[in-house]
Amino acid sequence: MTVGSAIQTHNGVGVVVRGRNLKAGLPEEKTVSSDEIAQAIATSVNAIVEAVTDTIDETPPELVADLMARGITVAGGGGLLPHLDELLSQRTRMAANIAEDPLGCVVRGTGKVLMDIEVLCRVTVELQNGRKSR
């Protein structure tokens, strides 16, 4: 979390990691830069960005207009990754912001859905019948 990043920043920040070298089988200490971490997680980050862009593609035009006016709000654990909002802004050409409490948003949203079990059942039935829910 100290040096993670959704994009390469070339800021030279690094962190010392300790573990077992799998080839030698011996303990080892190594400095890893934020750019190396960005490279290592690029596939996962790109999967998140693709999921967002795919969702936008399937979203009705009137809702896309709202997104363009208000921007995308990132909630959940991905919101803790530095520079994810910048990457989403670049790829979607829309403003992207991190929620004030990204993890808390997910918890509160889940609680609200569970409080209205009828809506949850309706969404579940729509998904089971092969229809996409919005």
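For the structure, check the block above.
Definitions and cut-offs
- Residues numbered from 1 in each chain as written.
- Predicted model: local features only at pLDDT ≥ 70, side-chain atom pairs only at ≥ 80, totals over all residues.
- Heavy atoms only, no water.
- Pairing = 2+ DSSP bridges.
- Helix = DSSP H or I, 4+ residues; strand = E, 2+ residues; numbered from the N terminus.
- Salt bridge = Lys/Arg side-chain N within 4 Å of Asp/Glu carboxyl O.
- Buried < 20%, exposed > 50% of the residue type's maximum accessible area, 1.4 Å probe, protein only.
- Expected span 1.5 Å × (residues − 1).
- Arc of directions from axis to C-beta.
- Contact = heavy atoms within 4.5 Å.
- Core = buried A, V, L, I, M, F, W, Y, C linked by side-chain atoms within 4.5 Å.

Visitor: Would you explain the pairing of strand S2 (residues 27–33) in this entry?
Guide: Note on strand geometry: in a regular strand, side chains alternate between the two faces of the sheet. By the bridge criterion, seven bridges tie strand S1 (residues 14–20) to S2 in an arrangement that is antiparallel. Looking at S2, one finds that Val 16 is bridged to Thr 31. Linkage of S1 to S2, two consecutive antiparallel strands, is achieved through a turn of six residues, within which Gly 25 is found at a positive phi near 75°.

Visitor: How should the pattern of salt bridges be read in this particular structure?
Guide: Oppositely charged side chains are able to pair whenever their charged atoms sit close together. The full count for this structure, using the stated rule, is two salt bridges. Across the pair Arg 18 and Glu 29 runs a salt bridge, and its minimum N-O distance is 3.0 Å. With Arg 18 in strand S1 and Glu 29 in strand S2, this pair connects stretches of sequence that are eleven residues apart. The class of Arg 18 is exposed, set by a relative accessible area of 66%. The partner of Arg 108 in a salt bridge is Asp 101, and the shortest N-O contact between them spans 3.5 Å. Residue classification places Arg 108 among the partly exposed residues on the basis of a relative accessible area of 47%.

Visitor: Would you explain helix H2 (residues 42–58) in this entry?
Guide: Working note: α-helix, 3.6 residues per turn, so residues spaced by three or four point in the same direction. Its 17 residues place the ends of H2 24 Å apart at the C-alpha level, agreeing with the 24 Å of an ideal helix rising 1.5 Å per residue. What H2 keeps buried is the set Val 45, Val 49 and Ile 56. Considered in projection along H2, the buried side chains sweep an arc of 35° and stay on one side of the axis. Along H2, exposed side chains directed more than 90 degrees from the buried face belong to Thr 43 and Asp 57. Buried residues along H2 sit against helix H3 (61–70), strand S3 (72–74) and helix H4 (84–92).

Visitor: Can you help me understand the nonpolar core in this one?
Guide: Nonpolar side chains tend to gather and get buried jointly when the protein is soluble and globular. Core analysis: the biggest nonpolar cluster contains 14 residues, and Ala 6, Val 45, Leu 84, Leu 87 and Leu 88 have the highest contact counts within it. Listed by contribution, the elements that provide at least two residues to this core are H2, S3 and H4. With residues up to four places along the chain from it excluded, the contact list for Leu 87 reads Ala 6, Ile 7, Val 45 and Val 49.

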